Structures are given as C-alpha cells and as structure tokens.
Amino acid sequence: MKNNRIIVFDTTLRDGEQSPGASLNIKEKVQIALQLERLGVDIIEAGFPVSSPVQFDSVEACSAEVRDTIVCGLARTLEKDITSAYNALKGAAHARIHTFIATSRVHMEHKLHKKPEEVLKLAVEAVRLAKSYVDDVEFSGEDAFRSDPGFLKEVVAATIEAGAGTINIPDTVGYAIPNEFGAFIRDIMENVPNVNDAVISVHCHNDLGLAVSNSLMAIQNGARQVEVAVNGLGERAGNASLEEIVMAVNVRKDFLNYETGINTKEIYRTSQLVSNLSGIRVQPNKAIVGANAFAHESGIHVDGLLKMRSTYEIMTPESIGLIDMKIVMGRHSGKHGFKQRLKDLGYTLSDSDLDVAFERFLDVADKKKEVFDEDLAAIVEDEIHSVPEFYKLDYFHISSGSSTIPTSTVRMKVGNEVKQESAWGDGPVDATYRAINAIVDIPITLGEYSLRAVTEGTEAMGEVSLKIIINDGIVITGRGASTDILEASAKAYVDGLNKIKFKM
Ligand SMILES: [Zn+2]
C-alpha cells in the first residue's frame, strides 16, 4: 500500500449504533454493511459480539454477506470476548479482531482497579490470543490521549511485538486540540522503535467539535488509519464523520496529498440510508451531506454561481452522488423498475422481502399517484425493520372531531386469537393506544412520539417513530409508515409491542 493511502475504518455499526436513540436490527445492519462495502471503506466494525446475542448475530450476519471488505469485531482483553469475536467472524472472507483495554490512569485506577503492569500484561496476552485465531489484529488503548505518554508507548511497542498489525490511539472523551493531538501522534511515530511494523490509527470523538480536525492532524503526523462513522454518529457528540474526512482529503488534495479507497459518489446514498435506518436525521447545515450543504440562497451567491460555479462551490454535488434523484414511480413502473430503483437507493433485498415490499408499493401507488424516493425508503424500512408479527393490527375505527370525545375501536390478532377493545382518549392517537393497551395488557408507557411527512404535499406518507418504555426502564423503538397518519401511529405502536415480545 502506498504511504499516502489512508485506511478508512468505519464504526457506524458499532460506535455509531451506541448513539443515544439509534437502534438497528440485524437486517438493517446488513443493509448498511453492504452499502459501506459499495462505498469502499476498508474495514467495517460490525459490533461487539460478546455484549449481547443480538450483537453476536449481527456480526455473524455481516460476516456472511460482506465479501471484499474486512469485517471487524470488538473485544475487551478477556478471553471470552476474544473467543466470541472469533466465533462471530468465522464466516467472514476477511476478519479482524479489535481488542482494547484502558491505558489512562483515571480509567485504570477507577474503572479497572488495575496497576499499569497488569494492564500491559493483559493487552499483550489478548493480542497473542487474537493472533492465534486471525491474522489481522488491532489493539486500542482506551482513553489513550489522556494516558501517560511513556506508559502508552510501552504498551504500543509491546502489542506490536505481540503481533498487532494496527494500533489505535483513541481520544475517547473528545478532549484533544488539533496541534496537541498531532504532536501526541508524532511522539509515538518517532519514539516507538518498532512503530513501522504496524499501522497507527486514530479514533476521535467530537465532544468539542474537533474530531475531524484532530483526525486530519493525526494523518499529517503519521497516522494511516482513521476510525469514522457515517453522519458522525457515535457515543455522545459522535465520532469523526466519514464524509467530512474523506471530502477534506479529496477536495484539498493539493494541500494534504493523501488518498482513500472511497468512491465518493456513494457518500450521499450511504448517508441517507444510515439516516433513514437509524432514525437519526442529518441536521440541515451538516457539512457535505446536510440538506443545505449545496443550497445557495443569497442573491450574490446565486449570481456568482450562474456565472461560474467555482465562485462559491468548492466541490460539486455530483462528487458525492447528489444528482437529481427525483425519479417519480407509479403503478406502471413494474417490479423490475421497483427493484432497480431500490438498488439505486442502496437497498439490497432478498426475493421474499422484495415481494412483500412490492405489494406495499402497489398499495401506496394506488393511494398516491406519484411515489417518490422518500416513499420507497419509508416502505422498505417499514418492511425490513419489522419483526415477527405476534400482534397484528386487523381493523380500527376512530371517531374524532372538535365536538366529540375521541374514541377508537381496535381489533387485533394476538397469536392465534382475535381480540377487540374500545377506548376514549385525549385525541384519536391516544384513544387508539388505550384500546391497544386494553388488548395486549403489558405494563408500558409511551415516551417520545414523532410524526414526519415523508414528502411534501397533503398526499404524503406519514412516518411515525416512537419510544415505548417498559417497566424496568428499557426503551424500545417502534416505527410505522402509511398514507394515513392514524394507521401509521397504530402500526408504530404495534411494531414496538412486537419488539418487546421478541426482545429485539
Ligand atoms: Zn468511540
């Protein structure tokens, strides 16, 4: 690999999924992994297998589907973690085990209750064990940036010696300032004798809004792998954003002179897919992928652009794949056209999922003459997001108005039984939820409820996402889409109930 090639390690599915409010099921993770592969990332960190059965299964599912890209599983330095990561990665064409332990004093003393010598020993043993399973091993010193530099360098040297091919230096709490972080990386590059036997990586958090700047400084000081997430997702304020680093490297090639393996034309589609599936919308003024990133409002700017695009445009919308995506579909589009458009939007569905989604599409096309990309995304997400239907909405009737008490009658299938209840409430949605509660009889409370119009106009599909809080404080998300917002509301609630039933 050329010395100016930057390795892109994507952690959208691991650190990104730890974003508050994000929840992805296994099918959704596989969709994202396949799109990340198309985008051209070098490594996909698919999850933390030992942490839960769902995490294990997701890493296993991504390993089975992804063929060209390295799939990585996270593990603490514990034997059970590393073995679990290995087992989840067995089916991968290219597997990496990523093991970590904290190296900063505050973490070692207060979290691990371990002395530095013990931490060093655990790190080395973990790398050796991982190396006995797979060839490609990465080691991270958690909270590396706040670690004693002398001790950290000792750990770096010893884990390289033990066989780690990549050493990651995270700024776990997002505390570093760019120049300072650059100097920190330089010190490692210059003073660890065997540093050239490994790739030095960085993993920057965005608590001070400096994750991308810190990552770029690290590259300029010798780091050759960046850990990033699509749309900057991640714990708290998130990780360094993939699209920002990649486009900075691309647009400022004259100054930075590095390259990545990313096909930038897939950036926009990837961002949309992650936004839609994770439920975390991109802020409009977000760099590169925000809705306003290429929108010019002021008269002076528009005038300049019309005369010469480069007056106010440092990169083109086409370079991130933001072309005129407004293709309108309808009944006449047929199954082939439907399948093709989904592919263009980044979805790869199995034949059976495709059949179900196509039926929904025809249904929507009947109610709504023009079906837009956003509608297609809502339909597909509804289908692939869905869980087995123990509870199934069969029928509902709502009566509501300015001078009536909103009442709702709901009939549902519960397993093999059919149950029906009526209830009144503050509004039609409340009444419907009360009726459903009377049917299912599970102690729950509704947390957030949000309704979004998928496209413009009164014919638009409505998408409801909500959070249901179970008695022990666990939060489950539900989602539903329909041209009727009351139906979307009921579907979202039932989706959440099915997830509770199947513990997803
Ligand atoms: Zn992180």
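Scroll up for the structure.
So, a few notes on the structure that sits alongside this text. Nothing here was measured: the structure is a model prediction, and the numbers come from that model.

**Re the overall build of the protein chain**
Along the backbone of the protein chain there are 17 helices and 14 strands. Relative to its length of 504 residues, the protein chain is compact, with a C-alpha radius of gyration of 25 Å against a globular reference of 23 Å. For the protein chain, the proportion of contacts with a sequence separation of at least 24, taken over those separated by at least 6, is 66%. Accessible surface for the protein chain amounts to roughly 22500 Å². Of this, 52% is attributable to carbon and sulfur atoms. When the 53 positive and 72 negative side-chain charges of the protein chain are each reduced to one mean point, those points stand 1 Å apart.

**Examining the coordination of the zinc ion**
Donor atoms from the polypeptide that bind the zinc ion are Asp15 (OD), His203 (NE2) and His205 (NE2), placed at 1.9 to 2.2 Å. Mapped onto the polypeptide sequence, the residues donating to the zinc ion form the spacing pattern D-x187-H-x1-H. Residue histidine 203 is classed as buried on the basis of its relative accessible area of 5%.

**Structural notes on the side chain of asparagine 25**
By the element assignment, asparagine 25 lies in the loop between strand E1 (7-10) and helix H1 (26-39). Engagement of the side chain of asparagine 25 in a polar contact is seen with the backbone nitrogen of lysine 27, the distance being 3.1 Å.

**Comments concerning unusual backbone geometry**
If you check the backbone angles, arginine 236 has positive phi at about 50° while not being a glycine. Of note, arginine 236 is situated in the loop between strand E8 (225-228) and helix H9 (242-251). Taking relative accessible area as the criterion, arginine 236 reaches 45% and is therefore assigned partly exposed. For isoleucine 288, which is not glycine, the phi dihedral falls at a positive 70°. Tracing the backbone through its elements, the reader meets isoleucine 288 in the loop between helix H11 (267-278) and helix H12 (299-307).

**A few points about helix H13 (residues 334-344)**
Listed in full, the buried residues belonging to H13 are Phe338, Arg341 and Leu342. The arc that holds the buried residues of H13, viewed along the axis, is 100°, so those residues lie on one side. Turned more than 90 degrees away from the buried face of H13, the exposed residues are His336 and Lys343. After H13 finishes, the residue glycine 346 shows a positive phi value of roughly 100°.

**Observations concerning the nonpolar core**
Core analysis: the largest hydrophobic core is formed by 113 residues, its most contacted members being Ile167, Ile169, Ile188, Ile267, Phe338 and Phe361. Every residue in contact with isoleucine 267, bar those within four places of it in the chain, is listed here: Leu39, Glu243, Val246, Met247, Ile262, Ile288, Val289 and Ile320. Val414, Ala423, Tyr493 and Ile500 belong to the second-largest nonpolar core, a separate cluster that totals 22 residues.

**A closer look at the pairing of E8**
Burial of E8 is two-sided: the residues Gln225 and Glu227 facing one way and the residues Val226 and Val228 facing the other way are all buried. Sheet topology places E1 next to E8; four bridges connect them, and they run parallel. Bridge pairing links phenylalanine 9 to glutamate 227 in E8. The sheet contact formed by strand E7 (residues 199-204) and E8 spans three bridges and is parallel. Of the residues in E8, the one forming a bridge with serine 201 is glutamine 225. Once you follow E7 into helix H8 (residues 211-220) and on to E8, the crossover reads as right-handed.

**Here we look at the packing of aromatic side chains**
Tallied over the entire structure, the rule returns ten aromatic pairs. Seen from their ring centres, phenylalanine 145 and phenylalanine 184 are 5.1 Å apart, and the 65° between their planes marks the pair as edge-to-face. Within this pair, whereas phenylalanine 145 is found in the loop between strand E5 (136-142) and helix H6 (149-161), its partner phenylalanine 184 is found in helix H7 (residues 178-191), the two being separated by 39 residues in sequence. Ring geometry for phenylalanine 390 versus tyrosine 391: centroids 5.0 Å apart, planes at 85°, classification edge-to-face. Owing to a relative accessible area of 25%, phenylalanine 390 belongs among the partly exposed residues under this scheme. A relative accessible area of 7% places tyrosine 391 in the buried class. Between the NZ or CZ atom of arginine 434 and the centre of the ring of tryptophan 424, over which it lies, the distance is 5.9 Å.

What counts and how
Along each chain, numbering runs from 1 in the same order as the chain's sequence is written. In keeping with the predicted nature of the model, local features appear solely for residues at pLDDT of at least 70, side-chain atom pairs appear and are counted solely at 80 or more, and the whole-chain, interface and lining totals rest on all residues. In computing side-chain values, all of the structure's heavy atoms are included and hydrogens and water are not. Runs of H or I in DSSP of at least four residues are treated as helices and runs of E of at least two as strands, each being numbered from the N terminus. We compute the radius of gyration from the C-alpha atoms alone; for a globule the expected value is 2.2 Å times N to the 0.38, where N is the number of residues. It only takes one pair of heavy atoms within 4.5 Å for two residues to be counted as in contact. Working definition of accessibility: Shrake-Rupley area with a 1.4 Å probe, residue cover restricted to the visible protein chains. Lys and Arg are tallied as positive, Asp and Glu as negative. Neither His nor the chain termini are counted. The location of each charge is read from NZ of Lys, CZ of Arg, CG of Asp or CD of Glu. Counted as donors are the N, O and S atoms within 2.8 Å of the metal, or 3.2 Å for Na, K and Ca, while water is not among the atoms, so some sites may look incomplete. Residue exposure (1.4 Å probe, protein chains only): buried if accessible area is under 20% of the type maximum, exposed if over 50%, otherwise partly exposed. Distance and chemistry together define a polar contact, namely a pair of N or O atoms within 3.5 Å, with one atom able to donate a hydrogen and the other to accept it when in protein, and with adjacent residues in sequence counting only for side-chain atoms on both sides. For this quantity, the arc is that covered by the directions from the helix axis to the C-beta atoms. Residue types Ala, Val, Leu, Ile, Met, Phe, Trp, Tyr and Cys, when buried and joined through side-chain atoms within 4.5 Å, form a set referred to as a nonpolar core. In this scheme, strands are said to pair when DSSP sees at least two bridges between them. Here a crossover is taken to be right-handed if, once the strands point away from the viewer, the path from the first strand over the helix to the second is traced clockwise. Centres within 6.5 Å make a pair out of two Phe, Tyr or Trp rings, where for Trp the six-membered ring is used; the pair is then stacked when the planes are under 30 degrees apart, edge-to-face when over 60, and tilted otherwise. The criterion for a charge sitting over a ring is simple: Lys NZ or Arg CZ within 6 Å of the ring centre, and within 35 degrees of the ring normal.

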